[in-house]
Amino acid sequence: MKVYFTFDSRPDLQKQLVEQFPEVEFAFRKGILEKEIKTAEVIVTYGEDLKDEHIDKAQNLKWIFVASAGVEKMPKNAIAERDILVSNVRGIHKKPMTESILAHILSIKRVLPTIYNNQRNKIWDKRGGHPTELNGSTALIIGPGAIGGEIGRLLQAFEVYTIGCNRSGNPADYMNETYRIDDIAEHLPKADIVISVLPSTEETEHLIGYEHFQVMRDNAIFMNFGRGNLVETDVLIRALEENQIQHAVLDVFEQEPLPLDSRLWELDNVTISPHCSSHSSRYLERSLEIFIPSLEKYLNGDMDIENKMNILRGY
């Protein structure tokens, strides 16, 4: 059986796989190679490189392991028609993403950009920037799953009151309150910080509209760390230009890379993070912590692997 990685990885991680699974033929390549994809039974990919024609050529393919949480750029229909097993690394992003989100919040609350700017310009200003406290704030987390729960856990350590919004309205880990996402407009006015970690689905596309920014507090921080199509770019720009909120921190965008002529680059109440919040030196290491037990199950004929997903639903 062949397992084909469509990206290169650390030599020590490759060695670990080869030694742990001597019965498996591993191919580690950078990019899609026709000779490899034709014979692969398992493909490990970040998802964005697979196209319909690759699925057609991969006649032995039975399982795709996606070393990413998002699958929106994959050839979903071609995969579903073949009933190919798909799983991903949902959950491994929660540590680095939560640290990124917390870093941005504290940076804004404790006016670190002002401090850094004053240092560059040799300005000693003890009163500059009007710092505020995270302690005692209220955060509304849209999509309190694995990542949202970790965000809630650490925010609660700062005595932040957490409100979750999910599809069901059922209680979620580390949320003081949880409501249905359909009722989000009722709860946005309560929040000092609004954080979205939603995936991209038909239901979440343009879920947040201009009317939602109108009911947010004018000193609120809006953070999108899920998918860029949660908000139309023009709507977001309008809300920021009109100071409907204090600041936006954006890790994801409708068009990536963000075009150089985008108005977002010029606004002083937005922080642009180039879809890097989940990056970590331990990313592949954590991915293999999910892949290895799943491969063991697969080799034993057990298809009940971790993070098995419905490719058409996107989760």
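Structural data are supplied above this passage.
Notes on the structure in this doc start here.

The rules we used
The numbering scheme is per chain: residues are counted from 1 as the chain's sequence reads. The model is predicted, so local features are restricted to residues of pLDDT at least 70 and side-chain atom pairs to those at 80 or more, both for listing and for counting; the totals for chains, interfaces and linings are taken over all residues. Just so you know, side-chain values use all the structure's heavy atoms and leave hydrogens and water out. A fitted line through C-alpha atoms represents every axis, and for helices the fit uses only the stretch in contact; the resulting angles, taken between N-to-C directions, go from 0 to 180 degrees. Labels follow the DSSP assignment, with helices taken as runs of H or I lasting at least four residues and strands as runs of E lasting at least two, numbered in each case from the N terminus. For classification purposes, angles smaller than 35 degrees are called roughly parallel, those larger than 145 roughly antiparallel, those between 65 and 115 roughly perpendicular, and all remaining angles oblique. Crossing handedness follows the turn of the near helix against the far one: under a right angle anticlockwise gives a left-handed crossing, and clockwise gives a right-handed one. Whether two residues touch is decided by their heavy atoms; if any such pair falls within 4.5 Å, the residues are in contact. For every residue, the accessible area obtained with a 1.4 Å probe (protein chains only) is divided by the maximum for its type, and the residue is called buried under 20%, exposed over 50%, and partly exposed between those limits.

Attention shifts here to the packing of helix 1 (residues 11-20) against helix 11 (residues 283-299). Viewed as axis vectors pointing N to C, helix 1 and helix 11 meet at an angle of 10°, and their least axial separation amounts to 11 Å. For the element pair helix 1 / helix 11, the angle class is roughly parallel. Of the two elements, helix 1 crosses helix 11, and the hand of that crossing is right-handed. From helix 1, Leu13, Gln16, Leu17 and Gln20 reach across to helix 11, where they touch Leu284, Glu285, Leu288, Phe291, Ile292 and Glu296.

Turning next to the environment of Ile237. Within the secondary structure, Ile237 sits in helix 10 (residues 233-241). In this structure, the C-alpha to C-alpha distance between Ile237 and Ile305, residues 68 residues apart in sequence, is 42 Å. Excluding residues within four positions of it along the chain, Ile237 makes contact with Arg263 and Leu264.

It is worth spelling out unusual backbone geometry at this point. The amide bond that connects Glu256 to the next residue, Pro257, takes the cis arrangement and shows omega of -5°. Summarising the element assignment, Pro257 is placed in the loop between strand 11 (247-250) and strand 12 (270-272). At His206, a position not held by glycine, the phi torsion is positive, near 55°. Tracing the backbone through its elements, the reader meets His206 in the loop between strand 9 (193-196) and helix 9 (210-215).

Another point: the environment of Leu236. Mapping Leu236 onto the fold places it in helix 10. Owing to a relative accessible area of 7%, Leu236 belongs among the buried residues under this scheme. The spatial distance from the C-alpha of Leu236 to the C-alpha of Ile292 is 41 Å, given a sequence separation of 56 residues. For Leu236, the residues in contact, after removing those within four places along its chain, are Phe213, Phe222, Val231 and Leu250.

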